[in-house]
Amino acid sequence: MSSRLLSDAERDLVATAPLFAALGAERFRDLSDRCRVEHYGVGEHLFETGSIADHLYFLLSGQLRLVRISAQGDETVIHFLTRPGAFAAAISLAGRAYPVNCEVMDECDVVVIPREACIGILRSTPRVATEVLGALIEWERFLRDEIFLLRHTKPVQRLASFLIDFEDCCCEQLDCENSVSYPEKRQIASRIGVRPETFSRSLRKLEAAGAIAKGSRLKILDRKILAESALGTGR
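Residues numbered from 1 in each chain as written. Predicted model: local features only at pLDDT ≥ 70, side-chain atom pairs only at ≥ 80, totals over all residues. Heavy atoms only, no water.

Visitor: Help me understand the nonpolar core, please; the structure alone is not making it clear to me.
Guide: The nonpolar side chains of soluble globular proteins are, as a tendency, buried together. Of all hydrophobic cores here, the largest spans 28 residues; its most connected members are Leu163, Tyr182, Leu206 and Leu226. Those elements that place two or more of their residues in this core are strand S5 (75-81), helix H7 (155-171), helix H8 (185-192), helix H9 (196-208) and helix H10 (223-231). A total of 8 residues in this core trace back to one element, the largest contributor, which is H7. With sequence-adjacent residues up to four places away left out, leucine 226 is seen in contact with Ala160, Leu163, Ile164, Leu206, Ala211, Ile212 and Ile220. (Core = buried A, V, L, I, M, F, W, Y, C linked by side-chain atoms within 4.5 Å. Buried < 20%, exposed > 50% of the residue type's maximum accessible area, 1.4 Å probe, protein only. Helix = DSSP H or I, 4+ residues; strand = E, 2+ residues; numbered from the N terminus. Contact = heavy atoms within 4.5 Å.)

Visitor: I'm lost on the side chain of asparagine 101 in this one. Help?
Guide: Relative to the elements of secondary structure, asparagine 101 occurs in strand S7 (residues 101-114). Residue classification places asparagine 101 among the buried residues on the basis of a relative accessible area of 14%. At 2.7 Å, the side chain of asparagine 101 forms a polar contact with the backbone nitrogen of threonine 49. When sequence neighbours within four positions are dropped, the list of residues in contact with asparagine 101 reads His45, Phe47, Glu48, Thr49, Arg65, Leu66, Val67 and Ile69. (Polar contact = N/O pair within 3.5 Å; in protein donor to acceptor, adjacent residues only side chain to side chain.)

Visitor: Any chance you could explain a positive patch on the surface here in plain terms?
Guide: Taken together, Lys154, Arg201, Arg204 and Lys205 make up a surface patch of like positive charges. Along the chain, arginine 201 falls in helix H9. For arginine 201, a relative accessible area of 42% translates into the label partly exposed. (Patch = residues over 30% accessible without salt bridge, like charges linked within 9 Å, V, L, I, M, F, W, Y side chains within 5 Å. Areas by Shrake-Rupley, 256 points an atom, 1.4 Å probe, with all protein chains shown as cover. Salt bridge = Lys/Arg side-chain N within 4 Å of Asp/Glu carboxyl O. Lys, Arg positive; Asp, Glu negative; His and termini not counted. Charge placed at Lys NZ, Arg CZ, Asp CG, Glu CD.)

Visitor: What am I meant to see in the packing of H7 against H9 here?
Guide: Think of two packed helices as two axes; the pair is described by the angle between the axes and how far apart they sit. Between H7 and H9, the shortest axis-to-axis distance is 9 Å and the interhelical angle comes to 70°. Judged on the interaxial angle alone, H9 and H7 are roughly perpendicular. Along this stretch, H7 crosses H9, giving a crossing that reads as right-handed. Here Pro155, Val156, Leu159, Ala160 and Leu163 of H7 lie close against H9, whose contacting residues are Thr198, Phe199, Ser202, Leu203, Lys205 and Leu206. (Axes fitted to C-alpha atoms, helices over the stretch in contact; angles between N-to-C directions. Parallel < 35°, antiparallel > 145°, perpendicular 65-115°, else oblique. Left-handed = near helix turned anticlockwise from the far one by under 90°.)

Visitor: Looking at this structure, how should I read the pattern of salt bridges?
Guide: If charged atoms from side chains of opposite charge come close, those side chains can pair. If you walk through the whole model with that rule in mind, you get 11 salt bridges. Between glutamate 167 and arginine 223 there is a salt bridge, and its shortest N-O distance comes to 2.7 Å. Of this pair, glutamate 167 sits in helix H7 while arginine 223 sits in helix H10, placing them 56 residues apart in sequence. In this structure glutamate 167 comes out as buried when scored by relative accessible area, which is 16%. A salt bridge links glutamate 184 to arginine 186; the nearest nitrogen and oxygen atoms lie 2.8 Å apart. With relative accessibility at 44%, the residue glutamate 184 sits in the partly exposed group. Given the relative accessible area of 51%, arginine 186 is considered exposed. Salt bridges here are not isolated pairs; linked through shared partners, they connect Arg65, Glu75, Glu103, Glu184 and Arg186.

Visitor: Just checking my understanding: could you explain H10 for this structure?
Guide: Side chains of residues three or four places apart in an α-helix project in the same direction, reflecting 3.6 residues per turn. Among all positions of H10, only Ile225, Leu226, Ser229 and Ala230 are buried. Each buried residue of H10 lies within a common arc of 145° when the element is viewed along its axis, so the set occupies one face. Across from the buried face of H10, at angles greater than 90 degrees, the exposed residues are Lys224 and Leu231. For H10, the capping residue at the N-terminal end is aspartate 222, with a side-chain oxygen 3.0 Å from the backbone nitrogen of lysine 224. Backbone geometry just after H10 places glycine 232 at a positive phi near 85°. (Arc of directions from axis to C-beta.)

Visitor: What exactly am I supposed to notice about the packing of aromatic side chains here?
Guide: A ring pair, where both rings are aromatic, is described by two values, the distance of the centres and the angle of the planes. Evaluated as defined, the whole model comprises 8 aromatic pairs. For the ring pair phenylalanine 47 and tyrosine 57, a centre distance of 5.7 Å and an interplane angle of 40° mean the geometry is tilted. With phenylalanine 47 in strand S3 (residues 45-47) and tyrosine 57 in strand S4 (residues 55-69), the pair connects residues that are 10 residues apart, well separated along the chain. Both residues of the pair, phenylalanine 47 and tyrosine 57, belong to the buried class. Ring geometry for phenylalanine 166 and tyrosine 182: centres 5.4 Å apart, planes at 35°, overall tilted. Placement of phenylalanine 166 in helix H7 and of tyrosine 182 in the loop between H7 and H8 is noted, with a sequence separation of 16 residues between them. Of the residues examined, phenylalanine 166 reaches a relative accessible area of 4% and is grouped as buried. An aromatic cluster of three or more residues is present, and its members are Phe47, Tyr57, Phe87 and Tyr98. (Phe/Tyr/Trp six-rings, centres within 6.5 Å; stacked < 30°, edge-to-face > 60°.)

Spelled out as structure tokens, the structure:
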């Protein structure tokens, strides 16, 4: 891991996050002067389950995954982070222990923001508290949607939805003329909550419908068919 100061362009990008936009230019400049950009390689961890959250983070580039490990050693992928944005804000400001591991999937640059610096600004800027509350509401909505999908959709629907959403996130940052590099298949299976054998069957269904080419690397061939599969109206 290497560390450096933020460039002006990176400051401007971080300032677009609602949490930091609420600070105003002067307060944000003071905060960003105390931040660092850290570069992480594949397989490294930003934080691990049980460690106390003493930083907030902003992903500049690369890909991360949030993972929960059971007492038996089973791994569940909670979320993939693939686009620039702030994360771990609520848990960090609360000073609680992280409930998940944050692992690097594709080498990345991350802005590391000291918790104490944010707490000081939060006390003097009540508007920021509203943005923190908004982040919590968004996370609650995400979890509620996850529960609905697990209970009320078929595995092939969840897989189709994941492939579309992941490609859309990546295409905001990359040239989509090139194929998207999806996570390992076992990670996708864990993320959408299916067993490996069920995941394989779902892949075969989407391939037979002409929606994807699975091979060594997944690739979307027909988004319309894939979208219909996500809605449960496909072949």
